[in-house]
Amino acid sequence: MANSKRSEIRIGIELDENRVPENIVWSAPDGGVESAVSKAMMVSMWDPKDKESFRIDLWTKDMPVDEMRVFFHQTLVSMADTYHRATNDEKMRDTMLDFCDYFAEKLELKKED
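These figures come from a predicted structure and were not determined experimentally.

> Please clarify how the overall build of the protein should be interpreted in this entry.
Across its full length, the protein carries two helices and five strands. Along the chain direction, N to C, the helices and strands of the protein fall in the order β-β-β-β-β-α-α. What you see for the protein is a C-alpha radius of gyration of 17 Å, clearly larger than the 13 Å of a compact globule of 113 residues, by over 25%. Seen through its principal axes, the protein has C-alpha atoms that stretch 45 × 40 × 30 Å. Across the 113 residues in the protein, those meeting the buried criterion constitute 17%. Looking at the protein as shown, the accessible area adds up to about 9300 Å², and 53% of this sits on carbon and sulfur atoms. A distance of 4 Å separates the average location of the 16 positive side-chain charges in the protein from that of its 24 negative side-chain charges.

Here's what the structure looks like:
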């Protein structure tokens with residue numbers, strides 16, 4: 001592993017006196033991101049030993065609900081795409097995207113043309 005490279009993504013969370021997130025700042029130097037501000041994050045990790053996922057979901061106290069709805073919708077759409085890239089299962093991706101359309105419709109996220 002003499003040619004292996006290490007890359008890091010750093011996430012900093014500023015908390016108020018009640019330990020509620022006030023600011024989320026992240027950096028990924030290899031991706032050209034330095035001190036980017038965010039209002040919400042969802043990170044999922046896979047534990048191969050226990051064969052289960054764990055996650056970190058945080059949002060700042062000033063994250064508006066309407067933006068949280070859009071954030072969730074966009075995350076669900078990207079999960080369908082990631083699932084397809086990982087499994088090549090087009091049928092399930094399409095099923096997931098159908099749900100995303102339903103989700104957006106129920107939350108009135110998509111504007112009629």
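> I would appreciate a short explanation of helix α1 (residues 65-87) in the present structure.
If you check α1, its first and last C-alpha atoms are 33 Å apart, about what 23 residues at 1.5 Å a residue would give, namely 33 Å. Listed in full, the buried residues belonging to α1 are Met68, His73, Thr75, Ala80 and His84. Against β4 (40-47), β5 (52-59) and α2 (90-106) lie the buried residues of α1. The first or second residue beyond α1 is asparagine 88, which carries a positive phi of 60°.

> I keep staring at the domain arrangement of the protein and nothing clicks. Help me out?
For interface size, the figure often reported is the accessible area lost on association. The assigned domain composition of the protein is domain 1 (1-61) and domain 2 (64-112). Taking the mean C-alpha position of each, domain 1 and domain 2 sit 22 Å from one another. Carbon and sulfur atoms supply 92% of the area buried between domain 1 and domain 2, which totals about 390 Å² over both sides. Together, Lys39, Ala40 and Met42 form the three largest contributors to the area buried by domain 1 at its contact with domain 2, with a combined 83%. On inspection of domain 1 and its partner domain 2, the count reaches zero salt bridges. Scanning the region where domain 1 abuts domain 2 turns up zero residue pairs in polar contact (both at pLDDT 80 or more). For the side of domain 1 that touches domain 2, the element with the highest residue contribution is β4, accounting for three residues. In the side of domain 1 that touches domain 2, the residues fall into four nonpolar, no polar and one charged.

So, how was this worked out
Residues numbered from 1 in each chain as written. Predicted model: local features only at pLDDT ≥ 70, side-chain atom pairs only at ≥ 80, totals over all residues. Heavy atoms only, no water. Helix = DSSP H or I, 4+ residues; strand = E, 2+ residues; numbered from the N terminus. Rg over C-alpha atoms; globule rule 2.2 N^0.38 Å. Buried < 20%, exposed > 50% of the residue type's maximum accessible area, 1.4 Å probe, protein only. Areas by Shrake-Rupley, 256 points an atom, 1.4 Å probe, with all protein chains shown as cover. Lys, Arg positive; Asp, Glu negative; His and termini not counted. Charge placed at Lys NZ, Arg CZ, Asp CG, Glu CD. Expected span 1.5 Å × (residues − 1). Contact = heavy atoms within 4.5 Å. Domains from an automatic or database assignment. Buried area = accessible area lost by both parts, 1.4 Å probe. Salt bridge = Lys/Arg side-chain N within 4 Å of Asp/Glu carboxyl O. Polar contact = N/O pair within 3.5 Å; in protein donor to acceptor, adjacent residues only side chain to side chain. Nonpolar A, V, L, I, M, F, W, Y, C, P; charged D, E, K, R; others polar.

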